[in-house]
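Spelled out from the first residue to the last, the chains are:
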Amino acid sequence: MNKPAILVARAVFPEVIEKLRKHFDVEHNQAEETWSREQLLARLKGKVGAFTTGGERIDADLLKACPGLRICANMAVGFNNFDLAAMTAAKVLATNTPDVLTETTADFGFALLMATARRVTESEHFLRAGKWDKWSYDMFAGSDVHGSTLGILGMGRIGQGIAKRGAHGFGMKVIYHNRSHLAPALEAECKATYASKEQLLREADHLVLVLPYSAQSHHAIGAAELAQMKPTATLVNIARGGIVDDAALAKALREKRIAAAGLDVFEGEPKVHPDLLTVPNVVLTPHIASATVPTRLAMANLAADNLIGFLVHGKPLTPLNPEVLA
Ligand code: GLV
């Protein structure tokens, strides 16, 4: 009997390809070729499932060209590469990989916060460049993390993980802004207090962005918002590029409007705004917040299990548009 045909759009753990092969006729991209949209579309034709990684745009035009497609399984918790309304209208199931990456991503958010506040990479570059010839009292003096005010914009599972680290591990005062208030028990667990966005910008010593990207959150942090922050504040973005106006941020960093920033995501990545590359007070990492081997493996397995769950057993694990199943 013919197995259903699926496409794995990017290279992934070989054991995950093997697992998928047990159920599907798999076309993969283990060679990590960069496919144009036309190439992706041509390969998706005739497939019932797609394993995507967050970089492949799935929209109405693509769905129209691939009428046999029934599911796209993202190996990411974010799904702004999906036009969810168009997928639902076309009765194509969308799935993502929540939960399995929460703690790992929160660890990284905290690592980036620490590195930014304490100028870890800036001082390492200085040392590697052979510029360290003497100690001085103010050399790479940064800002304290312990006991300071941690602001979190977007208080989902990862935001809560960062809040707990800050409150319980570092004695930070935690304030957050979100579309909705957390339930009181969850607020107590995170030791977090709801604040308006303005209060968050004004009061945070360290502001961490963990909100999803959408038309509403596009440039949620731009020149006007940066102007409201403390000149000693740091900004960390582990959410999505496009939430921060990178050009405005580079200008604010250069002018010391804020002290420093830590960025794991960028507008138009993997391209990085050239101005960010020339300011010293920013820590830059290539979208690696969930990148530990166990977590990336768990994410890949969950995406694969969504394909198997839906196409073989009719039961996906983490659907984003379950109305398609009705
Ligand atoms: C990574 O950015 C993800 O959305 O999982």
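Since this is a predicted model, take the numbers as computed values, not measurements.

Caption draft 1: Spotlight on the packing of aromatic side chains. Taken as a whole and judged by the stated rule, the model has three aromatic pairs. Ring geometry for Phe110 against Phe170: centres 4.8 Å apart, planes inclined by 35 degrees, an arrangement best described as tilted. You can see Phe110 sitting in helix α5 (residues 102-117) and its partner Phe170 sitting in helix α7 (residues 157-170), a full 60 residues away along the chain. By relative accessible area, which is 6% here, Phe110 ends up buried. A residue is classified by how much of its surface remains accessible, and Phe170, at 30% relative accessible area, is partly exposed. The interplanar angle of 70 degrees and the centroid separation of 5.0 Å between the aromatic rings of Phe126 and Phe140 together place this pair among those described as edge-to-face. Linking Phe126 in helix α6 (residues 120-128) with Phe140 in the loop between α6 and β6 (149-153), this pair joins segments that are 14 residues apart in sequence.

Caption draft 2: The packing of α5 against α7, seen in detail. Following both chains from N to C, one finds α5 and α7 inclined at 55 degrees, their axes separated by 8 Å at the closest point. When the interaxial angle is binned, α5 and α7 end up oblique. Between α5 and α7 lies a crossing of right-handed hand. Residue-level inspection shows Thr102, Glu103, Thr105, Ala106, Asp107, Gly109, Phe110 and Met114 of α5 in contact with α7, the latter providing Arg157, Ile158, Gly161, Ile162, Arg165, Gly166 and Phe170. Of the residues that constitute the contact of α5 with α7, the class distribution is six nonpolar, five polar and four charged.

Caption draft 3: Molecular detail of the domain arrangement of the protein. Partitioning the protein into structural domains gives domain 1 (5-100 + 293-325) and domain 2 (102-284). On a C-alpha basis, the centres of domain 1 and domain 2 stand 31 Å from each other. When the area that domain 1 buries against domain 2 is broken down by residue, the three leading residues are Asn80, Asp99 and Thr295, summing to 68%. Across the contact surface, domain 1 and domain 2 share one salt bridge. A salt bridge links Arg157 to Asp99; the shortest N-O distance between them is 3.3 Å. On the surface where domain 1 and domain 2 come into contact, there are four residue pairs in polar contact (both at pLDDT 80 or more).

Caption draft 4: Region of interest: the nonpolar core. Of all hydrophobic cores here, the largest spans 50 residues; its most connected members are Leu20, Phe51, Ile152, Ile162 and Leu307. Secondary structure elements with two or more residues in this core: β1 (5-8), α1 (14-21), β4 (71-74), α5, β6, α7, β7 (173-177) and α13 (293-311). No other element matches α13, which puts eight residues into this core. Each of domain 1 (5-100 + 293-325) and domain 2 (102-284) gives at least three residues to this core. Beyond its immediate chain neighbours, meaning those up to four positions away, Ile162 contacts Ala106, Gly109, Phe110, Leu150, Ile152, Val208, Val210 and Ile238. Ranked by size, the runner-up nonpolar core spans 30 residues in total, among them Val244, Leu249, Leu276 and Val282.

Caption draft 5: Representation of the pattern of salt bridges in the model. Tallying each qualifying case throughout the model produces 16 salt bridges. We note a salt bridge from Lys47 to Glu27, for which the minimum N-O separation is 2.8 Å. With Lys47 in the loop between α2 (37-44) and β3 (49-52) and Glu27 in strand β2 (residues 25-27), this pair connects stretches of sequence that are 20 residues apart. Classification of Lys47 by relative accessible area gives buried; the value is 10%.

Rules used throughout
- Residues numbered from 1 in each chain as written.
- Predicted model: local features only at pLDDT ≥ 70, side-chain atom pairs only at ≥ 80, totals over all residues.
- Heavy atoms only, no water.
- Phe/Tyr/Trp six-rings, centres within 6.5 Å; stacked < 30°, edge-to-face > 60°.
- Helix = DSSP H or I, 4+ residues; strand = E, 2+ residues; numbered from the N terminus.
- Buried < 20%, exposed > 50% of the residue type's maximum accessible area, 1.4 Å probe, protein only.
- Axes fitted to C-alpha atoms, helices over the stretch in contact; angles between N-to-C directions.
- Parallel < 35°, antiparallel > 145°, perpendicular 65-115°, else oblique.
- Left-handed = near helix turned anticlockwise from the far one by under 90°.
- Contact = heavy atoms within 4.5 Å.
- Nonpolar A, V, L, I, M, F, W, Y, C, P; charged D, E, K, R; others polar.
- Domains from an automatic or database assignment.
- Buried area = accessible area lost by both parts, 1.4 Å probe.
- Salt bridge = Lys/Arg side-chain N within 4 Å of Asp/Glu carboxyl O.
- Polar contact = N/O pair within 3.5 Å; in protein donor to acceptor, adjacent residues only side chain to side chain.
- Core = buried A, V, L, I, M, F, W, Y, C linked by side-chain atoms within 4.5 Å.

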